[in-house]
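Coordinate analysis (summary)
Below, each chain spelled out in residue letters.
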Amino acid sequence: MNSDNLITAVLALRKARRVVVYTGAGVSAESGIPTFRDADGFWQRFPPEHFAQWSGLFSMVLSEPRRVAEFVLNVVEPIAMAKPNAGHLAIGTLEQYVPTTVVTQNIDGLHQAAGSKEVHEIHGSLWEVADVSAGRVVHRFTRDQLAAIAAALRAYTEERESALKLLSVLRRLYPYDWLGRHRPNLVLFGDSLAEPAWTKAEQAARSCDVMISVGTSGEVYPAAFLPQYAAAAGATVIKIDPKPSAACWLEGNAGTILPELVRAAWGS
Ligand code: NAD
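Residues numbered from 1 in each chain as written. Predicted model: local features only at pLDDT ≥ 70, side-chain atom pairs only at ≥ 80, totals over all residues. Heavy atoms only, no water.

Things to note about the overall build of the protein chain
Check the secondary structure of the protein chain and you find 12 helices and 9 strands. Rg of the C-alpha trace for the protein chain: 19 Å, near the compact-globule value of 18 Å for 268 residues, within the 12% margin. For the protein chain, the spread of C-alpha atoms along the principal axes amounts to about 60 × 35 × 30 Å. Within the protein chain, buried positions represent 52% of all 268 residues. Taking the contacts inside the protein chain whose residues are at least 6 apart along the sequence as the reference set, 67% of them involve residues at least 24 apart. Accessible surface computed for the protein chain: about 12600 Å², of which carbon and sulfur atoms make up 54%. (Helix = DSSP H or I, 4+ residues; strand = E, 2+ residues; numbered from the N terminus. Rg over C-alpha atoms; globule rule 2.2 N^0.38 Å. Buried < 20%, exposed > 50% of the residue type's maximum accessible area, 1.4 Å probe, protein only. Contact = heavy atoms within 4.5 Å. Areas by Shrake-Rupley, 256 points an atom, 1.4 Å probe, with all protein chains shown as cover.)

Shown next as structure tokens:
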């Protein structure tokens, strides 16, 4: 790790009055959830032009049901099994030292599981079902329910079954309504960001002294504007990622660097 950047990061954190931690898929990589754009990432196996929009997914259910089942299985199963890693846990300890807001692009719920209290999920959550007409969450899955859906998807991919059978399995991800109002609480390409999470995220970015950006390629907009808003408002932007960055870059994996950073700043 670049020691000048570590000193800059530590000094900024020690005098900060408000910190925003902005996370992407990389913070959960060490919990066994694949990222999207790395060499072994999700989009290599499931191209976004087919899989990243509701319309593409629905049209493929009839023509390529097994491929859709594999895609949804690859999203649901790792998240149903995942536990927070040392990076999530270090972020969870931050609020002992400084008021902290977490803004995440992730849908896995691991920041809350690691103890973070104020978390804005700007791309929604796989754990929730939303009523799109009322704009509210109507159901929250338990880990057992999500694991049972993953098991049903796995069974589907291993047997030769009809598209109709797949639809009945997928229906378990947005139950309790047959009027088309309910769906997984997820933001796909072309959707608006989740509210009020996005408005709160933007306010937090514009009013923090330090933003720690962890494990995001910065290619998904408008989320990727957040570090720019923070920098424009005078905040120090620290970037934790194995890949280089123009910001105050701490090179490495979230599970190693975040605990080191918290220890260096507050000695614990
Ligand atoms: P991305 O795949 O575009 O980028 C991942 C970034 O993480 C890269 O910069 C990579 O170098 C870095 N990285 C890889 N391993 C790391 C580690 N151990 N520690 C720190 N950094 C690491 O992901 P993105 O920028 O978050 O954008 C993808 C979109 O996909 C997001 O909008 C998000 O909603 C969604 N997504 C969510 C999850 C999840 O919920 N866990 C997983 C995949 C994708």
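Quick word on the site of the ligand
Near the ligand, the surroundings consist of 26 residues, among which Ala 25, Gln 105, Asp 108, Ser 217 and Asp 241 are the closest. Take Asp 108: an N or O atom from its side chain is 2.7 Å from a nitrogen atom of the ligand. With respect to the ligand, the backbone of Ala 254 contributes an N or O atom lying 2.9 Å from a nitrogen atom. In isolation the ligand offers 860 Å² of accessible surface; the protein chains occlude 93% of this area. Residues of the shell around the ligand, tallied by class, amount to 9 nonpolar, 11 polar and 6 charged. For the shell around the ligand, the domains that each give at least three residues are domain 1 (1-32 + 84-123 + 193-268) and domain 2 (34-81 + 129-186). (Near = heavy atom within 4 Å. Polar contact = N/O pair within 3.5 Å; in protein donor to acceptor, adjacent residues only side chain to side chain. Nonpolar A, V, L, I, M, F, W, Y, C, P; charged D, E, K, R; others polar. Domains from an automatic or database assignment.)

A look at the domain arrangement of the protein chain
Accessible area lost on assembly of the parts is the figure often given for the size of an interface. For the protein chain, the assigned domains are domain 1 (1-32 + 84-123 + 193-268) and domain 2 (34-81 + 129-186). A straight line from the C-alpha centre of domain 1 to that of domain 2 covers 28 Å. Between domain 1 and domain 2, the residue contacts involve 11 residues of the former and 10 residues of the latter. Summing both sides of the interface, domain 1 and domain 2 together bury roughly 810 Å²; the carbon and sulfur share of this comes to 61%. (Buried area = accessible area lost by both parts, 1.4 Å probe.)

Details of the environment of Leu 261
Structurally, Leu 261 can be placed in helix H12 (residues 254-266). A relative accessible area of 2% means that Leu 261 is categorised as buried. Considered as a pair, Leu 261 and His 111 are 150 residues apart in the sequence and their alpha carbons are 18 Å apart. If we skip the residues at most four places from it in the chain, Leu 261 touches Leu 6, Ala 9, Val 10, Leu 13, Ile 212, Ile 240 and Leu 250.

Description of the sheet that holds strand E3 (residues 119-121)
The strand order E3-E2-E1-E7-E8-E9 describes an open sheet built from 6 strands, whose pairing is parallel. Strand pairing shows two members of the sheet lacking a second neighbour, E3 and strand E9 (248-251), which therefore form its edges. Each neighbouring strand pair of the sheet contributes to a mean axis angle of 20°, computed without reference to strand direction. Sheet analysis places strand E1 (residues 19-23) next to strand E2 (residues 100-104), joined by 5 bridges and oriented parallel. Across the sheet, Tyr 22 pairs through a bridge with Val 103, a residue of E2. With respect to the sheet, helix H1 (residues 3-15) is in contact with E1, strand E7 (210-214), strand E8 (236-241) and E9, its orientation differing from that of E9 by roughly 115°. (Pairing = 2+ DSSP bridges. Axes fitted to C-alpha atoms, helices over the stretch in contact; angles between N-to-C directions.)

Things to note about the nonpolar core
The biggest cluster of nonpolar side chains holds 39 residues, and the ones touching the most others in it are Phe 71, Leu 146 and Leu 153. Looking at this core, the elements with two or more residues in it are helix H2 (42-45), helix H4 (54-63), helix H5 (65-81), strand E4 (124-131), helix H8 (143-158) and helix H9 (163-170). The greatest single-element share of this core, amounting to 9 residues, is contributed by H5. In this structure, Leu 153 is in contact with Ala 69, Val 72, Leu 73, Val 76, Leu 166, Val 169 and Leu 170, ignoring residues within four places of it in sequence. (Core = buried A, V, L, I, M, F, W, Y, C linked by side-chain atoms within 4.5 Å.)

Considering the environment of Asp 131
Mapped onto the elements, Asp 131 comes out in strand E4. Sequence-wise, Asp 131 and Asn 185 are 54 residues apart; in three dimensions their C-alpha atoms are separated by 8.4 Å. Beyond its immediate stretch of four places on either side in the chain, Asp 131 contacts Arg 136, Val 138, Arg 181 and His 182. Here Ser 133 takes part through its side chain, which lies 2.6 Å from a polar atom of the side chain of Asp 131. Of the polar contacts made by the side chain of Asp 131, one reaches the backbone nitrogen of Ala 134; its length is 3.1 Å.

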